[in-house]
Amino acid sequence: MNEDRLTALALGFLRGPGSNARTILGLAGPPAAGKSTLARHLVAEIERAEGPGSAGYVPLDGFHLSAAQLDRLALTHRKGAPATFDAHGYVALLRRIAADRFQDIYVPDFDRTLDEPVAARHVVRPHTRLVITEGNYLASTDTPWPEARRLLRELWYVDIDDALREERLLRRHRDGGRDEATARHWVTGNDHPNGEYVKAGRALCTRTVPGSGLPVTSARGSVL
């Protein structure tokens, strides 16, 4: 399934019965599967076809707890695990996106240079008809993730070979300033268990899509 087919599937949500309603499409998958790349690609292609602001991007990464909160909770060593997100805040934002068609809705992101979440990097406009949200844990069965899933039209699982994912993760951590040994330790001790947890939700997703072969866009917003 290539990117043209995925774009066509996403555009299909904007046509036919009920297409005037706002639709939220979710992308789940393990760390470095290509979720943010696919989400940005789909947003860009939909806006190219339907006009600026017709699609919006909502990354779960924006709800990562700050370094101060991770320190308070003694979770710095588990950064990226489910407990290191404001999951209830994320669900609340999705509810507002689903219900509010009259206001600009500002969306946080994660800045990898700052290594912190940042407010209002993205915006969902009143005329935005398709919102694409992505994150590791959208297919999780633990509270409150099923509440988020109920707000989604479909949930796609982004799949990629684990060896390629590991390469991406190692490169990501090296680019972030970790040496080779520290990067490998982080992948083994943190990214791997997070990824295995994510894989358990694959069967709950609407379809499986590839996480490779897409045009690379700016990744400044993704920590996972």
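Data block above holds the structure.
Numbers given to residues run from 1 along each chain, matching the order in which its sequence is written. Per-residue local features of the predicted model are confined to residues with pLDDT of at least 70, and side-chain atom pairs are confined, for both listing and counting, to 80 or more; whole-chain, interface and lining totals are unaffected and use all residues. Only hydrogens and water are removed before side-chain values are computed, so all heavy atoms of the structure are retained for them.

1. What to know about the pattern of salt bridges
In step 1: Take a side-chain nitrogen of Lys or Arg and a carboxyl oxygen of Asp or Glu: if they are within 4 Å of each other, that pair is a salt bridge. Tallied over the entire structure, the rule returns 16 salt bridges.
In step 2: Among the ionic pairs, D111 bridges to R121, the shortest N-O distance being 2.7 Å. Of this pair, D111 sits in strand β3 (residues 105–111) while R121 sits in strand β4 (residues 116–124), placing them 10 residues apart in sequence.
In step 3: Of the charged contacts in the structure, one is a salt bridge between R174 and E180, with a shortest N-O distance of 3.0 Å.
In step 4: Among the charged side chains, a salt-bridge network with shared partners connects D162, R165, E196 and K199. Only runs of H or I of at least four residues qualify as helices and only runs of E of at least two qualify as strands under DSSP, and these elements are numbered from the N terminus.

2. What to know about the pairing of strand β5 (residues 130–134)
In step 1: Relative accessibility under 20% of the residue-type maximum defines a buried residue, over 50% an exposed one, and the middle range a partly exposed one, all with a 1.4 Å probe and only protein chains included. With five of five residues buried, β5 lies mostly within the body of the structure.
In step 2: Going residue by residue along β5, you find L130, I132 and E134 tucked away on one face and V131 and T133 tucked away on the opposite face as well.
In step 3: Any two strands between which DSSP finds at least two bridges are classified as paired. Inspection of the sheet shows strand β1 (residues 23–28) paired to β5 by five bridges, in the parallel sense. Bridged to L25 within β5 is I132.
In step 4: Relative to β5, strand β2 (residues 55–59) runs parallel, the two sharing five bridges. Counterpart to V58 in the pairing with β5 is T133.

3. Some words on the packing of aromatic side chains
In step 1: Pairing of aromatic rings covers Phe, Tyr and Trp, the last counted by its six-membered ring, and requires centre-to-centre distances within 6.5 Å; plane angles under 30 degrees mean stacked, over 60 mean edge-to-face, and any other angle means tilted. By the definition in use, this model includes five aromatic pairs.
In step 2: For the pair F63 and Y90, a centre-to-centre distance of 5.7 Å together with 75 degrees between the ring planes defines the contact as edge-to-face. Pair noted here: F63 is in the loop between β2 and α3 (67–72) and Y90 is in helix α4 (residues 87–99), with a separation of 27 residues, a long-range link. As far as the burial class goes, F63 and Y90 line up, both buried.
In step 3: Members of the aromatic cluster, each reached through a chain of ring pairs, are F63, F85, Y90, Y137, W145 and Y197.
In step 4: Charges are assigned to positions over rings by a cutoff of 6 Å between ring centre and Lys NZ or Arg CZ, combined with an angular limit of 35 degrees from the ring normal. In this structure, R178 packs its charged tip against the face of W186, placed 4.3 Å from the ring centre.

4. Here's the deal with the sheet that holds β1
In step 1: Ordered in space as β2-β5-β1-β6-β7, the five strands form an open sheet in which the pairing is parallel. This sheet does not close on itself; its edge strands, each paired only once, are β2 and β7 (207–210). The mean inter-strand angle of the sheet, taken between neighbouring strand axes irrespective of direction, is 25 degrees.
In step 2: Contact between two residues is taken to exist if any of their heavy atoms lie within 4.5 Å; hydrogens are not considered. Helix axes use the C-alpha atoms of the stretch in contact, all axes being lines fitted to C-alpha atoms, and the angles between their N-to-C directions lie in the range 0 to 180 degrees. Each of β1, β2 and β5 touches α4; the most contacted strand, β2, lies at about 165 degrees to it.

5. With respect to the nonpolar core
Within soluble globular proteins, side chains that are nonpolar tend to cluster in buried spots.
In step 1: If you look at the biggest cluster of nonpolar residues, it comprises 26 residues, and the most contacted ones within it are V58, L60, Y90 and I97.
In step 2: Mapped onto this core, the elements with two or more residues apiece are β1, α4, β3, α5 (145–149) and β6 (154–159).
In step 3: For Y90, the contacting residues outside a window of four places in its chain are V58, L60, F63, T133, L138, W145 and A148.
In step 4: Judged by nonpolar contacts, the second largest core, of 23 residues, contains L6, L11, A39 and V158. Here, the term nonpolar core denotes a set of buried Ala, Val, Leu, Ile, Met, Phe, Trp, Tyr and Cys residues that are joined through side-chain atoms within 4.5 Å.

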